Amino acid sequence: MLKNALTFSFTIALILSFSFPEVFTQPQRKKVDMLILGGTVITMDEKRRVLTDGGIAIAQGRILDVGTRAEIQKRYGAPETIYATDKIIIPGLINGHTHIPMTLFRGLADDLDLQEWLTKYIFPAEAKNVTEEFVRVGTRLGLLEMVRGGTTTYCDMYYFEDAIAEETAKAGVRGVLGETLIDFPAPDNKTYQEGLAYTEKYVKNWQGHDLIVPAIAPHAPYTVSEEHLKAAREFSDRTGAPIVIHISETKREVEDIIKDKGQRPIEYLERIGFLNNKVIAAHVVWPSDDEIGILKRLGVGVVHNPQSNMKLAAGVAPVPKMLAEELRVGLGTDGAASNNDLNLWEEMDTAAKLHKVFSGDPKILSAQQAFEMATILGAKALHLEKEIGSIEIGKRADIAVVHRDPLHQLPLANIYSDLVYATKASDVQTVVINGRVVMRDRRLLTLNEAEIKKSALALRERVVKSLQLPASGR
Ligand SMILES: [Zn+2]
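Note that the coordinates shown come from a computational prediction; the quantities given were computed from them, not determined experimentally.

Draft legend 1. Just the sheet that holds strand 3 (residues 40–42), in detail. Spatial ordering of the open sheet is given by 4-3-9-18-19-20-21, a layout of 7 strands whose pairing is mixed. Each edge of the open sheet carries a strand with a single partner, namely strand 4 (50–51) and strand 21 (443–444). As defined by bridge partners, strand 9 (residues 88–91) adjoins strand 18 (residues 399–402) across 4 bridges and the pair is classed as antiparallel. From the neighbouring strand, isoleucine 89 faces strand 18, where its bridge partner is valine 401.

Draft legend 2. Expanded view of the coordination of the zinc ion. At 2.1 to 2.5 Å from the zinc ion lie its protein donor atoms, namely His97 (NE2), His99 (NE2), His246 (NE2) and Asp334 (OD). One can describe the site at the zinc ion as irregular: its 4 donor atoms subtend angles covering 85 to 176° at the metal. Mapped onto the sequence, the residues coordinating the zinc ion show the spacing H-x1-H-x146-H-x87-D. Residue histidine 246 is found in strand 14 (residues 243–247), and its partner aspartate 334 is found in the loop between strand 17 (328–331) and helix 14 (344–359); the two are separated by 88 residues along the sequence. Across this residue pair, the class does not change: histidine 246 and aspartate 334 are buried.

Draft legend 3. Structural context of helix 11 (residues 289–298). Along helix 11, the residues classified as buried are Glu291, Ile292, Ile294 and Leu295. When helix 11 is viewed along its axis, its buried side chains cluster within an angular range of 155° and face the same direction. Facing away from the buried side of helix 11, by more than 90 degrees, are the exposed residues Asp289, Asp290 and Arg297. The inward-facing, buried residues of helix 11 abut helix 10 (265–271), strand 16 (301–304) and helix 13 (319–324). Once helix 11 ends, the next one or two residues include glycine 299, with phi positive near 70°.

Draft legend 4. The arrangement of the packing of helix 5 (residues 132–148) against helix 6 (residues 161–171) in detail. One way to put it is that helix 5 packs onto helix 6 with a least axis distance of 9 Å and a crossing angle of 35°. Read as a crossing pair, helix 5 and helix 6 show a hand that is right-handed. Along its contact with helix 5, which presents Glu132, Val135, Arg136, Thr139, Arg140 and Leu143, the element helix 6 presents Ala163, Ile164, Glu166, Glu167, Thr168 and Ala171. Split by residue class, the contact of helix 5 with helix 6 holds 5 nonpolar, 2 polar and 5 charged.

Draft legend 5. Local environment of the nonpolar core. Ranked by size, the top nonpolar core spans 116 residues in total, and within it Ile90, Phe105, Trp117 and Phe371 carry the most contacts. Among the elements that line this core, the one with the most residues is helix 5, at 8 residues. Val41, Ile63, Ile399 and Val401 belong to the second-largest nonpolar core, a separate cluster that totals 17 residues.

Draft legend 6. Representation of the sheet that holds strand 2 (residues 34–37). The strand order across the open sheet formed by 4 strands is 6-5-2-8, and the pairing between neighbours is mixed. At either end of the open sheet lies a strand with only one pairing partner, and these are strand 6 (62–68) and strand 8 (80–83). Averaged over all pairs of adjacent strands, the angle between their axes in this sheet comes to 15°, without regard to strand direction. As defined by bridge partners, strand 2 adjoins strand 5 (residues 54–59) across 4 bridges and the pair is classed as antiparallel. If you follow methionine 34 over to strand 5, its bridge partner there is isoleucine 58.

Draft legend 7. Here's a closer look at the environment of glutamine 369. Structurally, glutamine 369 is set in helix 15 (residues 367–374). As for glutamine 369 and alanine 220, which are separated by 149 residues in sequence, their C-alpha atoms are 28 Å apart. In this structure glutamine 369 touches Leu323 and Ile364, once residues within four positions along its chain are discounted.

Draft legend 8. Representation of the pairing of strand 6 in the model. Here strand 5 pairs with strand 6 via 6 bridges, running antiparallel. Across the sheet, residue isoleucine 58 finds its bridge partner in strand 6, namely isoleucine 63. In sequence, strand 5 turns back onto strand 6 through a hairpin of 2 residues, with glutamine 60 there showing a positive phi of about 50°.

Draft legend 9. Highlighting the pairing of strand 11 (residues 151–158). Burial analysis of strand 11 places 8 of its 8 residues in the buried class, which makes it a mostly covered element. The sheet contact formed by strand 10 (residues 93–98) and strand 11 spans 4 bridges and is parallel. Counterpart to leucine 93 in the pairing with strand 11 is threonine 151. By the bridge criterion, 6 bridges tie strand 11 to strand 12 (residues 174–181) in an arrangement that is parallel. In the strand pairing of strand 12, cysteine 155 is matched with valine 176. The handedness of the strand 11 to strand 12 crossover, carried by helix 6, is right-handed.

Draft legend 10. Examining the pattern of salt bridges more closely. Evaluation of the coordinates by the stated rule reveals 34 salt bridges. Linking aspartate 110 and lysine 311 is a salt bridge whose minimum nitrogen-to-oxygen distance equals 2.8 Å. In this pair, aspartate 110 is assigned in the loop between strand 10 and helix 4 (114–129) and lysine 311 in helix 12 (residues 306–311), connecting sequence segments 201 residues apart. One salt bridge in this structure joins glutamate 132 and arginine 136, with 2.9 Å as the shortest N-O distance. Of this pair, glutamate 132 and arginine 136 both sit in helix 5, separated by 4 residues, roughly a single helical turn. Here the salt bridges share partners, and the residues they tie into one network are Glu132, Arg136, Arg140, Glu166, Glu167 and Lys170.

Draft legend 11. Structural view of the packing of helix 5 against helix 18 (residues 449–466). Between helix 5 and helix 18, whose axes approach to 9 Å, the crossing angle comes to 130°. The angle between the axes of helix 5 and helix 18 places the two elements in the oblique class. As helix 5 packs across helix 18, the resulting crossing turns out to be left-handed. Counted together, Glu133, Phe134, Val137, Arg140, Leu141, Leu144 and Arg148 of helix 5 and Glu449, Ile452, Ser455, Ala456, Leu459, Arg462 and Val463 of helix 18 form the full contact between these two elements.

The rules behind each value
- Residue numbers run consecutively from 1 along every chain, following the written order of its sequence.
- At least 70 in pLDDT is required for a residue's local features to be given in this predicted model, at least 80 for side-chain atom pairs to be given and counted, and no such filter applies to totals for whole chains, interfaces and linings, which use all residues.
- To get the side-chain values, take all heavy atoms of the structure and skip hydrogens and water.
- Between any two strands, pairing holds if DSSP finds at least two bridges.
- Only runs of H or I of at least four residues qualify as helices and only runs of E of at least two qualify as strands under DSSP, and these elements are numbered from the N terminus.
- Each metal's donors are the N, O and S atoms within 2.8 Å of it, or within 3.2 Å when it is Na, K or Ca, and because water is not part of the set, sites may look incomplete.
- Here a site with four donors is tetrahedral if all angles are between 85 and 135 degrees, and a site with four or six donors is square planar or octahedral if opposite donors are over 155 degrees apart and the other angles are between 65 and 115; anything else gets the irregular label.
- Exposure categories follow from relative accessible area, calculated using a 1.4 Å probe and restricted to protein chains: below 20% of the type maximum is buried, above 50% is exposed, and the middle band is partly exposed.
- Here the arc refers to the directions that run from the helix axis out to each C-beta atom.
- Every residue pair with non-hydrogen atoms within 4.5 Å of one another is taken to be in contact.
- Convention adopted: a line fitted to C-alpha atoms gives each axis, helices being fitted over their contacting stretch, and angles between N-to-C directions are expressed from 0 to 180 degrees.
- Left-handed describes a crossing whose near helix is turned anticlockwise from the far helix through less than a right angle; right-handed describes the clockwise counterpart.
- All amino acids are sorted into three groups, where Ala, Val, Leu, Ile, Met, Phe, Trp, Tyr, Cys and Pro are nonpolar, Asp, Glu, Lys and Arg are charged, and the leftover types, Gly among them, are polar.
- Among the buried residues, those of types Ala, Val, Leu, Ile, Met, Phe, Trp, Tyr and Cys that are joined through side-chain atoms within 4.5 Å form a nonpolar core.
- A clockwise path from the first strand over the helix to the second, with the strands pointing away from the viewer, defines a right-handed crossover.
- Put simply, a salt bridge is a Lys or Arg side-chain nitrogen that is within 4 Å of an Asp or Glu carboxyl oxygen.
- Each angle is binned into one of four classes, with values under 35 degrees roughly parallel, values over 145 roughly antiparallel, values of 65 to 115 roughly perpendicular, and all other values oblique.

What follows is the structure in structure tokens.
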């Protein structure tokens, strides 16, 4: 009887091993949450390795292993697999500077200089329209646009940032989100003191969250007093929250601060003890060589916004020089009112070409350097390079899978050239953030596109009316 039973079990096992050979031949496969298999992996690690026919194992929101497809398939099993054969797998893009709800001001006032644009249109439009509801709708519209283009992290500064953090976390997107403080009544807080109290609560709410890094964002050295800048510094020291700010965006700002403080903006900010390795400075178009030295010495993050700077004719930031000095230089779109989109692919393309034409040297900024600014260098600009910016073991699983067969990419000669000069945001196929799929095969899993479009259009009517702009063509 026993012998019969043993023979029976043995026969079953033999049948099973033929039908499901992996059950028997690979018992050592470790169970993880997700695999990405096949395709070319652009790691952006220290050696800038590019793996053909690669594989990635993801567990608990992080990258557990990176290797060839065969290696990863042999070592791991998962309930969810993204097949990426013939595709490109990149670290999620990092948009280093936005004002995300300003998507609702897109196209509202174009072809103006910064001061006129700000004082005649943007500040009045904000005073009349920006409520928490407005911010939520604009944030959802911006998140939609960024996810569709493979952006997985963005650095923001606006009002009602607590609501922005809520919408961002709900959509499963990563953000360094700064509550803006400014020396005039803002839509959410009437005084700087109220703003600080709001920020205190906001930062406490979100610190330690998997996706959200709450920050404090004094608007700029020309809109925030010395005393208030020092208060922001003290706040950052006490809470560990990063500081997001605009610095040296226009020539006029530099001239005004020299008049007022006797020093250039970055020299002045250094003197008052404002700058350190927690600061993320947007624009930095007009730094002197000495000021570049200060930014390097203090480890300040810098975010280059080429399209916004071009559109407002703010100038051309000395990015090749800052890169040569190994500053932490990322790339941003700025708000949609001054760009007019949140498309980092265009920003990479523009950055590479702007510096070529401006310097007369086509070698001055390569496609690879532009791609670095949107990934690993962008992570450094946000002081998050230990967490994001590359596909490496231990980092957060923020990854985009990009098509490589649209006509505009063929016939595939050089990976970085293809990515920077030819790839479109619409070529992004699948997006994973913190190990969670937020877009699969262009289908959004966390955002409702039809609803977001509808509510954005409804709010546009309100904005146009509030500024008494002619309705036609708007
Ligand atoms: Zn800005």
